[in-house]
Amino acid sequence: MALFRPASRTGRRDTTGNRMWVWFMLPGTLWMTGFLIASLVLVAVLAVGTTDDLGNPRFGFDLSGVRALADPAYTEVLARSLGYALLTCAICLLIAYPVAYTIALYGGRYKHALIAAIVVPFFANYLVRMYGWSVVLSDDGPVLRALRAVGLADGSTKILNTGVGVVAGLVYGFVVFMIIPLYAALERLDVSLIEAGRDLYGGPVRTFLYVTLPATRQGAAAGLVLVFLPAMGDFVSAQLMGGPDQIMIGNLIQDKFFQGQNWPLGSALTMLLMLVLLIGMFGYLRRTRKDEAEARR
Amino acid sequence: MDATPAVRLDGVSKRFADSSAVHRLDLDIEAGHFFSLLGPSGCGKTTSLRMIGGFSDPSEGSVLLAGEDVTALPPNRRNVNTVFQSYALFDHLSVADNVAFGLKRQGVAKAEIRQRVGEMLDLVQLAGLADRRPRTLSGGQRQRVALARALVNRPAVLLLDEPLAALDLKLRRQMQVELKQIQREVGITFVFVTHDQDEALTMSDRIAVMNEGRIEQCGTPEDVYEHPATRFVASFMGTSNLMTGTYRAGEVALEQGPALPVGARTGIADGTAVSVSVRPEKIWLSDFEPGMSMLRGVIRETVYSGPTTTYLIELAPGVTLSVLEQNTARARMEDRWSGGETVEFGWRPEHCLVLA
Amino acid sequence: MTIVKLPSATAPSRPTARNRTRRGRADRKPRILIAVTGLFFALLYLPIAVVALFSFNSKKSLTVFGGFSLRWYRAFVHDDVLISSLGTSLRISLVAMAGSVVLGVALALGLVRCRTRLGSLAGLIMLVPLITPEIVTGVASMLLFKGLGVALSTGTVMLAEITFSISYVTVILRSRVAALNPEVEEAAMDLGATRWQAVRLVTLPALLPAVLASAVLIFALVFDDFVLAYFTTGVDPQPLSVRIYSAIRFGVQPTINAVGTLMLAGSIALIALALFIPRLFGRRGGLDILSGE
């Protein structure tokens, strides 16, 4: 069987035990294939399926679900989702960079504790955190009160039920995915490199632009992907922070499966979401390949 | 005496996807010997050892242990044990449990396990450290644990894969002596892989010198050193003055320089391209004997290093010989030379090797 | 008392911030960077502090603190629906943890050791959940169960959670397996162990800290997860996180503050434990189990 032929054999490693390792791998792989890959294929199949009179999905070949995606109502949501997700990426980068930089370079022996203090709550219950965030950003919440106190907001300023609220929710939800890879990149960065940069370029700003930033580009790229993926598929933030005019593609999908009961359309929307994400991933991979190729030269 | 070799490799080859590591190896290792596989890295010595241990399947040929074909048997069913280069100790077990691991696998009774582990830890001088974790030991101590863990099973053959490579020079010398003593004491056949020719010379009963997957020469340390069979062995074992030329009627005409008198050699046809090898310590600078091959050259460099002095003597433009003189009590001061002097030197004909 | 006083709840983070500047490079203190970082930490913990604070509120309000009370915790303890949901969530987490750890550890071992095309294919499949948003996995799982005619229930949540968690376990364990010295397994076989005994007696004990850490982490992640659970759960009993989701969407119930505080405290404790486990075994603990590096 071709699959069992060694893909590459280098050095001394022997194939004596491959048979047993295949058995180790098989249950997990079959499980993932059976549940995950099969279910994703099912989504794709159902995207071109139909429904019967009772709303139950039927397999078939009907492009009405796919064609419906061209409806301006949906393209608008897609465009908005994309906009929110990209904006979230940009803001996360702007926040995560100084935080990761400060901790990596000035954290001293508290470095690990500080990063853990960021990571631990982020992996704790997402819903409760988002709910708490919505309370903080509410009209009577501490953020708006503080802004009003310094005159940056007036009585009519709102965060909830606006696009600002939704993006704030997405940022709060996923900024850790930017901090971790950036921190890792900055950690690896040799401090003497920055000092050498000071000698070479003088000012800290030029040093940052010519030394620090290029050295952490890969970390930032990884962070952008890690934030973009969940932000694009999120529906909680729009639900808790936004109003009817701020819904994202995730809310549409949820709606088609739970309220609207239009599964083929829901599946088509899901495939559309996957398509956008795959394009993003592809762009990232091409970018890193290019970077790696340049680094080799 | 039992004539069946402890280990026999019969036409063993090992090919990897992109290269050949061992090429048609035939090798007998006598029971009770300290046997070394010596060669530069990548010469196939470790691969050969792994095939004896059962960690690597030969592409062709067979492996016999005490006359029995074990080619198809997994490591756990071969009566050999291995001391790995990385020691490969079990970090989650104490030193004593590491040593007891093999006995437990064999189902040896608890009381006997305790006794044998104790004896073995005594033998390798680790008696006080039985309850320690391997991670807390020094490199030398870890090496002893690995040795004890393998020896306690009383294997027919012990395989050692560069076990001293990770130790510093002083500790290495000490362990060389100790390892040899232990081997004599337990009487087990040791197959020792190393790239260090000094180590192989001092410890072994027999040495197989390997290069590019083949055995170049197999013999006693003296044999291999004094009578290298090939140019590779001559250059790999210690330093050698190697010169190339053409053999003709008892002389080798060097590519550059004079013809060296080497005596009539049977088995070498006139006109054959050959290498000539003379060890630096086999060249005389004084007190010549009759019948020696005599030459003349200019001393270009003297390198004094305590007990010995090395002279670099230019025989002809481009041909420089290294000559080692002992600075013993019997050596006379006036027998020291300095740079620029033209000197006579010579060697006994039997010390000049002609390698086809 | 009003909410304006809330920032004091984040006071514990201040001493570290001060130490950081003192211990940092003395030549230049980047005040702006430290201010941004301080603000970030404040905003990071503010929502958590709000939820925790108002869980002890004697009033029903979410903006006015009326005094300390355990009223909402009492309400939670006496709420049979929430308590049964808690039990359901615990069961789901335990089963998903056990299933995904067994499958994931085996998969990680196989992926590292087996250099065949099947191995590379399995490696690709394993990455799919990590680049797929949860909503897609949720939709897909739901469709699969519906398509197979399986009624959604606690069992379907377990199956979906296992599927999603295998990847996490595998990613965490894979780097650890790769870092193991392959000679150690060979040494076990050399000493008479079969291939399987070598894995059981030597490899698995060596991986134990990472296995435990990943198990704790998976337990916490599954317990907290709601997207996948939301798509694959039946009507009754529902996992706790799904109940919280409904409660948050349809009107404010201060009980949720109490439940949320307990869940946050629980998962923070578990994740901190997961980070700390390797140290219990005298190894370098670390965040790498979260980032998979």
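- For chain A, the name recorded in an unreviewed UniProt entry is ABC transporter permease, with Streptomyces diastatochromogenes as its organism.
- Quoted verbatim from the Sequence similarities (unreviewed entry) field of the UniProt record, the comment on chain A reads "Belongs to the binding-protein-dependent transport system permease family. CysTW subfamily."

A look at the overall build of chain C
Move 1: Helices and strands together make up the secondary structure of chain C, namely 13 helices and zero strands.
Move 2: Ordering the α and β elements of chain C from the N terminus gives α-α-α-α-α-α-α-α-α-α-α-α-α.
Move 3: Buried positions account for 52% of the 293 residues belonging to chain C.
Move 4: Within chain C, counting contacts between residues at least 6 apart in sequence, those at least 24 apart form 73% of the total.

Overview of the overall build of chain A
Move 1: Summing up its helical and strand segments, chain A has 14 helices and two strands in all.
Move 2: Based on the C-alpha atoms only, the size of chain A along its principal axes is roughly 75 × 70 × 35 Å.
Move 3: Counting all 297 residues of chain A, 44% fall into the buried class.
Move 4: In chain A, the proportion of contacts linking residues at least 24 apart, taken out of those at least 6 apart, comes to 68%.

What about the domain arrangement of chain C?
Move 1: Partitioning chain C into domains gives domain 1 (3-69) and domain 2 (76-291).
Move 2: Of the residues assigned to the side of domain 1 of chain C that touches domain 2 of chain C, the class counts are five nonpolar, two polar and one charged.

Here's the deal with helix α2 (residues 31-55) of chain C
In an α-helix there are 3.6 residues to a turn, and that puts residues three or four apart on one side.
All names here are of chain C.
Move 1: When the terminal C-alpha atoms of α2 are compared, their 36 Å separation across 25 residues agrees well with the 36 Å that a helix rising 1.5 Å per residue should span.
Move 2: Remark: the principal bend of α2, roughly 35°, maps to Leu-46, with a proline, Pro-47, within the next four residues.
Move 3: Taken together, the buried positions of α2 are occupied by Thr-37, Leu-44, Tyr-45, Leu-46, Pro-47, Ile-48, Val-50, Val-51, Ala-52, Phe-54 and Ser-55.

Let's talk about the sheet that holds strand β5 (residues 68-69) of chain B
Strand pairs in the sheet, formed through backbone hydrogen bonds, run parallel or antiparallel to each other.
All names here are of chain B.
Move 1: Here we have four strands laid out as an open sheet, ordered β2-β1-β4-β5, and antiparallel in their pairing. The strands lining the two open edges of the sheet, one partner per strand, are β2 (20-29) and β5.
Move 2: As paired strands, strand β1 (residues 7-15) and strand β4 (residues 60-65) are joined by five bridges and run antiparallel to one another. Looking at the pairing, Asp-10 lines up with Ser-62 of β4.
Move 3: Strands in contact with helix α1 (residues 45-53) are β1, β2 and β4; relative to β1, the strand with the most contacts, it is inclined by about 120°.

Topic: the interface of chain C and chain B
In many reports, interface size means the accessible area that the parts give up when they come together.
Move 1: Every contact between the two is made by 14 residues of chain C and, on the other side, 19 residues of chain B.
Move 2: Counting only elements with at least two residues in the side of chain C that touches chain B, the list comes to α8 (182-190) and α9 (195-224) of chain C.
Move 3: With six residues, the top contributor of residues to the side of chain C that touches chain B is α8(C).

A look at the interface of chain A and chain C
Move 1: Chain A puts 80 residues into the contact, and the matching count from chain C is 78 residues.
Move 2: Here the side of chain A that touches chain C takes 21 residues from helix α1 (residues 18-47) of chain A, the largest share from any one element.
Move 3: Residue classes in the side of chain A that touches chain C are distributed as 58 nonpolar, 17 polar and five charged.

Some thoughts on the environment of B:Gly44
Residues and elements named next belong to chain B.
Move 1: Checked against the element boundaries, Gly-44 lands in the loop between β3 (34-38) and α1.
Move 2: With 70 residues separating them in the primary sequence, Gly-44 and Arg-114 have C-alpha atoms 38 Å apart.
Move 3: If we skip the residues at most four places from it in the chain, Gly-44 touches Ala-21, Val-22, Met-210 and Gly-213.

Some details on the UniProt feature "transmembrane region" (unreviewed entry) in chain A
Move 1: UniProt's entry tags residues 21-48, 82-106, 113-132, 164-186 and 265-285 of chain A with the feature "transmembrane region" (unreviewed entry), counted in the numbering of this structure.
Move 2: Along residues 265-285 of chain A, the helical share is 100% and the strand share 0%, with 30 Å between the first and last C-alpha atoms.

A few points about the sheet that holds strand β7 (residues 157-161) of chain B
All names here are of chain B.
Move 1: One open sheet accounts for six strands, arranged β6-β7-β8-β3-β9-β10; its pairing is mixed. Of all the strands in the sheet, just β6 (80-83) and β10 (214-219) have a single pairing partner and so form its edges. Going from strand to strand, the sheet's axes swing by 20° on average, the running direction of each strand aside.

Remarks on the packing of helix α5 (residues 117-131) of chain C against helix α7 (residues 154-179) of chain C
Axes are the key here: two packed helices are described by the angle between their axes and the distance separating the axes.
Residue and element names in this part refer to chain C.
Move 1: Between α5 and α7, the shortest axis-to-axis distance is 9 Å and the interhelical angle comes to 110°. The angle between α5 and α7 places the two elements in the roughly perpendicular class. Pair α5 / α7 crosses with left-handed handedness. The residues of α7 that touch α5, namely those facing Met-126, Pro-129 and Leu-130, are Phe-164, Ser-167 and Thr-170.
Move 2: Partitioning the contact of α5 with α7 into residue classes produces four nonpolar, two polar and no charged.

Regarding the nonpolar core
Move 1: Grouped together as the largest cluster of nonpolar side chains are 267 residues, with contacts concentrated most on A:Ala100, A:Ile179, B:Val191 and C:Ile218.
Move 2: Considering every element that reaches this core, the biggest residue donor is α9(C), with 18 residues.
Move 3: With residues near it in sequence (within four places) discarded, C:Ile218 still touches C:Ala96, C:Met97, C:Ser100, C:Val101, C:Ser165, C:Tyr168 and C:Val169.

Digging into the pairing of β10(B)
Residues and elements named next belong to chain B.
Move 1: In terms of strand pairing, strand β9 (residues 206-211) meets β10 through five bridges, oriented antiparallel. Paired with Ile-207 across the two strands is Gly-219, which belongs to β10.
Move 2: Hairpin geometry of β9 and β10 is characterised by an intervening segment of two residues between the two adjacent antiparallel strands and by a positive phi of about 50° at Glu-212.

Concerning the confidence of the model for chain A
Residue and element names in this part refer to chain A.
Move 1: Confidence in the prediction for chain A averages 84 pLDDT; 90% of positions are at 70 or higher.
Move 2: By mean pLDDT, strand β2 (residues 57-58) is the weakest element of chain A at 69, and helix α7 (residues 163-174) is the strongest at 94.
Move 3: Residue range residues 1-13 is modelled with pLDDT below 50. Its contacts to residues more than four positions away, or to other chains, number 23 contacts.

What about helix α11 (residues 240-249) of chain C?
Move 1: Across the ten residues that make up α11(C), a large majority, seven, are buried.
Move 2: Residues of α11(C) that are buried include every one of C:Leu240, C:Ser241, C:Val242, C:Arg243, C:Ile244, C:Tyr245 and C:Ile248, and no others.
Move 3: For α11(C), the elements touching its buried residues are α5 (126-136) and α12 (236-241) of chain A together with α4 (80-113), α9, α10 (227-232) and α12 (254-280) of chain C.

Here's the deal with unusual backbone geometry
Move 1: If you check the backbone angles, B:Tyr87 has positive phi at about 70° while not being a glycine.
Move 2: Summarising the element assignment, B:Tyr87 is placed in the loop between β6 and α2 (95-106).

Conventions adopted
Residues numbered from 1 in each chain as written. Chains lettered and ligands numbered in written order. Predicted model: local features only at pLDDT ≥ 70, side-chain atom pairs only at ≥ 80, totals over all residues. UniProt positions renumbered as here; feature names shortened; annotations may be inferred. Helix = DSSP H or I, 4+ residues; strand = E, 2+ residues; numbered from the N terminus. Buried ≥ 20, exposed ≤ 12 C-beta atoms within 10 Å, placed from the backbone. Contact = placed C-beta atoms within 7 Å. Domains from an automatic or database assignment. Nonpolar A, V, L, I, M, F, W, Y, C, P; charged D, E, K, R; others polar. Expected span 1.5 Å × (residues − 1). Bend = angle between axes of the 7 residues up to and from the residue. Pairing = 2+ DSSP bridges. Axes fitted to C-alpha atoms, helices over the stretch in contact; angles between N-to-C directions. Parallel < 35°, antiparallel > 145°, perpendicular 65-115°, else oblique. Left-handed = near helix turned anticlockwise from the far one by under 90°. Core = buried A, V, L, I, M, F, W, Y, C linked by C-beta atoms within 7 Å. pLDDT = per-residue confidence, 0-100.

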